[in-house]
Structure formats: C-alpha cells, structure tokens
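Commentary on secondary and tertiary structure
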Amino acid sequence: MAIERGQPMQHPDSHWRASAPPLPDCPPLQGAAQAEVAIIGAGYAGLNAALELAEAHGIAATVLEAAQPGWGASGRNGGFCCLGGAMIEGDQIARRHGARAAADWDGYERAAIERVRDNLARYAIDADAGPEGEVKLAHSPRALAALRAEAGAECTLLGPGDLAGWGLGGRFHGGVFTPLGFPLHPMKYARGLAQAAMRAGVRLHGDSAVTGLQRDGAGWRVITAQGSVQARRVLWTTNAYSPEALLGWLKGRILPVNSAILVTRPLSEAERVAQGWTSQLMAYDSRRVLHYFRLLPCGRFLFGGRGSASARPAAHEAFQSVLRADFDALFPAWKGVETERYWSGQVCLTGSMLPWVGAVPGQAGLFVALGWHGNGVAAASEGGRRIAPALAGGQSTAPPLLARQPGRVVPPLIRPLALHAGLTLARLIDGPLR
Ligand SMILES: Cc1cc2nc3c(=O)[nH]c(=O)nc-3n(C[C@H](O)[C@H](O)[C@H](O)COP(=O)(O)OP(=O)(O)OC[C@H]3O[C@@H](n4cnc5c(N)ncnc54)[C@H](O)[C@@H]3O)c2cc1C
C-alpha cells in the first residue's frame, strides 16, 4: 500500500521501536531547494545510496522520507542479514539468463552481507549482531531430501537426530546450515545509518512524502506538501511502499505482500530448555509459505511469516491468530507463552522475480533500487551502494541482470484476491502444520 493511500505514519508498536535508541525527528522539507541528487525513501537502500554519494563522490544528497527514517520495512523486519533478494534460485537464473548472470548474482548476495558488516563497523553501529550462519529446517521428510539435494559444498546437513544438539528443537525433520549471514536489530541498523548519513552532510527530511514529480529542464522537480527539490538526478527507493499511481513506469510491475511478526515475552532458561530451542541462529522452514524465527539476545522469541492477503488494519488484526496458531504448532512447549508484540509490514516482489537496480527507461536522470523479495537487509544495502555511481553521473556497478525493468505482474485492483488465492494454494501444497 503506497503512502498516499493513507498509511498511518506512526511506526507500529514493534519490539524494535521499543528497544532502539530514539532518532531525533528529521524536519520536513520546506520551501524550494536544489540538490545534485534527490533520494526518495529513507530505508536501507536510500540511506546507503546517500552515504556512498557523500563518501565516494563528494555529493550531499537530499533524502525525502514520508515518515521518519526506518519507518518502512527497514525498521520492521526480522533482522536476518542473509543471502537472498530474488524470488528465483541461482540455477533458475542460470537457465533463464546464463551462467555469468547467476555468478554475478551470487557475488552480489555475498558482498551484500559483507556490506552490512562493514557498515556496522565503519559507523560504530551497535545493532546486537548475533551468531554467524542460518538454518533452513525441513517441514517434512520429503522436504529434507530436497534440502540435501540442493545444499552447497559449504553447507552442513543436519539429520533429525542432530537438531537437539544444535539447540533447534521444534517440529522439524532436519535441516541445512549455511555459514553465511548474521542476525541484527533492524531498527538500530536503520537509525545508525541515518545518523551516519547526517554526519556525512546528507540532508535528511522526514514527514516529506513526495506527491509530485515533474520534468524541470535537464533534471527533475520533486514535490512535497511544503516544498520542492530541483535535482539533476532522482533515485526512488520506496520499495513496497512505492506510490505507483505517481510512477507510471512502475505501476503494476511490483507486488507488495504483507509479512507479519510476533515476539513473545522473555523466555526463562527452563522454558527454552523445555522446547529444546536455545540457539540464536537465524532459522526458517522449507514451506512455500515460510516461517522465519530466532531467539533474540534479550530472551524473547521472534516468529514471522507471510501476513494477511490484504493490508487493511482489520485483516492484519485477524491474521494474528493464524500466525500464533502456526507458532503454537511448531513450538508446542511454548503454547502458554504470551505474545508481547505483533506487527506487520510490506515486502516487494517484482514481475521479473529479481530486484530492479538501474535507470528508468525513457526517463533520463531517474533511477530505482527496489524489489528485494522479503530479503533486503543485505540486498537493499548493497543496491543503494551500487546505484550511487550512476547518480553521480557514472555507471551503476550493479549486475546487468538487475538493470532490467521488470515486466508487469498482478494489477493493483485484483491484488488481494490474487494473493489470497496464491497463499491458499501454497498452504494446501505445504500441508497441515497441526
Ligand atoms: C515483517 C517483515 C520482515 C522482514 N524480514 C526480513 C529479514 O529478516 N531479512 C531481510 O533481509 N529482509 C526482511 N524483510 C525485507 C526488508 O525489510 C526490506 O527488503 C528492506 O527493508 C527494504 O529496504 P528499502 O530501503 O528498499 O525499503 P523500506 O525500508 O521499505 O523504505 C522505503 C521508504 O520509502 C518511504 N516512502 C514511500 N513512499 C514515499 C513517498 N511518496 N515519499 C517519500 N517517502 C516515501 C517509506 O516511508 C519507507 O520508509 C522483511 C520485511 C518485512 C515487512
């Protein structure tokens, strides 16, 4: 759901908001301003692009954010800094786009994780980074066989009997450990980036939803309620919250999908042992409609999954019991443990099932970096960095595969219906949890 359609601008009552140091409010844009580069959206992609412009190109960008930095998915996610960003696997990319493209994408994903690690160190952001690696857990014996077949050389296979020793006790049938990535506090990371950007001279404006975009000579005029920026080049990093009605070249090419998270109250050591889950590794299951989960450093358990088909508040509220029932089924020893907080946000799929990082065809000076398919902690950070040279008048360093404008996907009007049908079918194929 795009901002212009009345999304409340208050960040949801998430565990992240409750546990991150506040960021001083960024003032709205007022009056007419000029900038070499304007960036729309202050999430990981926009903030990384602004930092790269400042540090590598000496350009102080103006960043316009409808709410405050980290309001979008960057302040609401599960905090899995991991591989991903596309909806198709490496072998499918190789078949469709060639081996070179698949290798480029693999390199991008790995570099993206290192980018986040470097950001945390470089800007001294304490984002509660956790242990290295992630585990994909099989939801059936058949799924375990498939996991074994697809595991790379660097992975460790876990049989059903291995899970207890790894502290991964739940209703799973084994899994695969990949020694890449790490968990973090997503809001601390987002706010840390925002602070670093301000220190670097970036002009960061909150409460400044872009409501208009006009050609202005060789550049663009970006319009907000109280002001405008005349910029030579403009980058859109609005991801699932993009105002599609304003952007004809994007309309219908993305598919925003809800993802929801619950966090329990802190679990005692005895409760963790009773369930057999003591690890802080990032974990997710092998279902099509997957669940992702991890024990937080504070002892609470985070459990997320695909959210309601509609973004309406009533659908979000109703979905809490569905998510909670899934949690109870997978972790039966914690049935009585209260949910402390529940929230949701939107992830962005594209018609190409790949991110789009590049120039907008036929719109000189207009660029995008979006479409992370629910895996943007690392991928969006990297995308912002890689598009920055193009904003400075040079060449993007993103893989050519990502520079292509995605084809059309489900039109906005029939999205809730299409999502409901797709999710119902996928749940049927996955089979019952309980
Ligand atoms: C519940 C949930 C769990 C997730 N879990 C994970 C995870 O564990 N690991 C992972 O890698 N990824 C995860 N993701 C995905 C990840 O959070 C996103 O891919 C990533 O944050 C995208 O960053 P971004 O900068 O592209 O967009 P966002 O962070 O969404 O930022 C876009 C910004 O654009 C602003 N905006 C929109 N329209 C306008 C306008 N007209 N004018 C000005 N500003 C505007 C919005 O206010 C918003 O702040 C999850 C997402 C959700 C919702």
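First, a word on scope: everything that follows refers to the structure included in this document. (Residues numbered from 1 in each chain as written. Predicted model: local features only at pLDDT ≥ 70, side-chain atom pairs only at ≥ 80, totals over all residues. Heavy atoms only, no water.)

1. As for the site of the ligand
What counts, and what does not: Nearness of a residue to a molecule or strand requires only that one of the residue's heavy atoms be within 4 Å of it. Contacts described as polar in this section are N or O atom pairs within 3.5 Å, which, within protein, must combine one atom able to donate a hydrogen with one able to accept it, while residues neighboring in sequence count only if both atoms come from side chains. For accessible areas, the Shrake-Rupley method is used with a probe of radius 1.4 Å. Any residue's cover is judged against the shown protein chains and nothing else. Each helix is a run of H or I in the DSSP string that is no shorter than four residues. Each strand is a run of E no shorter than two, and both are numbered from the N terminus.
Around the ligand, the surrounding shell holds 38 residues, and the nearest of these are Glu65, Ser74, Phe80, Val210 and Trp372. Separating a nitrogen atom of the ligand from a backbone N or O atom of Ala66 is a distance of 3.0 Å. Within the backbone of Val210, a nitrogen or oxygen atom sits 2.8 Å from a nitrogen atom of the ligand. About the coverage of the ligand: the protein hides 99% of its 1000 Å² of free accessible area. For the shell around the ligand, the elements supplying multiple residues, two or more each, are α2 (44–57), β12 (254–264), β16 (339–350) and α9 (376–391).

2. Observations regarding the environment of Gly72
The condition that has to hold: Burial status follows relative accessibility: with a 1.4 Å probe on protein chains alone, a residue under 20% of its type maximum counts as buried, one over 50% as exposed, and anything between as partly exposed.
Along the chain, Gly72 turns up in the loop between β2 (62–64) and β3 (80–81). What makes Gly72 buried here is its relative accessible area of 14%. Spatially, the C-alpha atom of Gly72 lies 8.4 Å from that of Thr238, the residues being 166 residues apart in sequence.

3. Looking at the packing of α2 against α9
For the record, the criterion: Lines fitted to the C-alpha atoms define the axes, with helices restricted to the stretch that makes contact. Angles between their N-to-C directions range from 0 to 180 degrees. We call two directions roughly parallel when the angle between them is under 35 degrees, roughly antiparallel when it is over 145, roughly perpendicular when it lies between 65 and 115, and oblique otherwise. Throughout, a crossing is termed right-handed when the near helix is turned clockwise from the far one, and left-handed when it is turned anticlockwise from it by less than a right angle. Contacts were defined at the residue level, with two residues in contact if any of their heavy atoms lie within 4.5 Å.
Interaxial distance between α2 and α9 falls to 7 Å at its minimum, and their mutual angle equals 40 degrees. The angle between the axes of α2 and α9 places the two elements in the oblique class. For α2 against α9, the interelement crossing comes out right-handed. Between α2 and α9, the residues in contact are Tyr44, Ala45, Asn48, Ala49, Leu51, Glu52, Leu53, Glu55 and His57 and Gly376, Val377, Ala380, Ser381, Gly384, Arg385, Ile387, Ala388, Pro389 and Leu391, respectively.

4. Here we look at helix α8 (residues 313–330)
Quick note on the threshold: What a helix is expected to span follows from its residue count: subtract one and scale by 1.5 Å. To obtain the bend at a residue, axes are fitted to the seven residues ending there and to the seven starting there, and the angle between these axes is taken.
The end-to-end C-alpha distance of α8, which contains 18 residues, comes to 26 Å, matching closely the 26 Å that a straight helix rising 1.5 Å per residue would cover. Within α8, the axis deviates most sharply at Phe319, by approximately 25 degrees. Burial in α8 covers these residues: His316, Phe319, Leu323, Arg324, Asp326, Phe327, Asp328, Ala329 and Leu330.

5. Brief notes about the environment of Ala245
Inspection of the secondary structure puts Ala245 in the loop between β11 (227–236) and β12. Assessed through its relative accessible area of 62%, Ala245 is described here as exposed. In this structure the C-alpha to C-alpha distance between Ala245 and Pro412, which are 167 residues apart in sequence, comes to 9.8 Å.

6. Some thoughts on the packing of aromatic side chains
Rule in force here: Note on aromatic contacts: the rings of Phe and Tyr and the six-membered ring of Trp form a pair at centre separations within 6.5 Å, being stacked when their planes are under 30 degrees apart, edge-to-face when over 60 apart, and tilted otherwise.
On inspection of all chains with the given rule, the structure shows 23 aromatic pairs. Taking 5.4 Å as the distance between ring centres and 80 degrees as the angle between the ring planes, the aromatic pair formed by Phe293 and Phe331 counts as edge-to-face. Of this pair, Phe293 sits in strand β14 (residues 291–295) while Phe331 is found in the loop between α8 and β16, placing the two residues 38 residues apart along the sequence. Assigned by exposure class, Phe293 and Phe331 land together as buried. Here Phe301 and Phe331 contribute two aromatic rings whose centre-to-centre distance is 5.1 Å and whose plane-to-plane angle is 65 degrees, an arrangement assigned as edge-to-face. Separated by 30 residues along the polypeptide, Phe301 in strand β15 (residues 301–306) and Phe331 in the loop between α8 and β16 bring together distant segments of the chain. Note on Phe301: relative accessible area 0%, which makes it buried. Under the relative-accessibility criterion, Phe331 is labelled buried at 0%. Taken together, the ring pairs in this structure connect Phe172, Trp277, Phe293, Phe301, Phe303, Phe327, Phe331 and Trp334 into an aromatic cluster.

7. Some details on the pattern of salt bridges
Between side chains of opposite charge, a pair can form when the charged atoms approach closely. Worth spelling out the cut-off: Here, a salt bridge means any side-chain nitrogen of Lys or Arg that lies within 4 Å of a carboxyl oxygen of Asp or Glu.
The full count for this structure, using the stated rule, is 25 salt bridges. In this structure, Arg385 engages Glu52 in a salt bridge whose closest nitrogen and oxygen atoms are separated by 2.8 Å. Here Arg385 is found in helix α9, whereas its partner Glu52 is found in helix α2, with 333 residues between them in sequence. Overall, Arg385 belongs to the buried group, its relative accessible area being 2%. With a relative accessible area of 17%, Glu52 lands in the buried category.

8. Regarding the sheet that holds strand β5 (residues 156–158)
Convention followed: Here, a strand pair is defined by DSSP locating no fewer than two bridges between the strands.
Across the sheet, 8 strands lie side by side as β5-β6-β4-β13-β14-β15-β12-β16; this open sheet has mixed pairing. Unpaired on one side and paired on the other, β5 and β16 mark the two borders of the sheet. Across this sheet, the average inter-strand angle for adjacent strands is 20 degrees, counted without regard to direction. Pairing geometry for strand β4 (residues 134–137) and strand β6 (residues 175–178), over 4 bridges, is antiparallel. Paired with Leu137 across the two strands is Gly175, which belongs to β6. Against the sheet, helix α10 (residues 415–430) engages β12 and β15, with an angle of about 60 degrees to β12.

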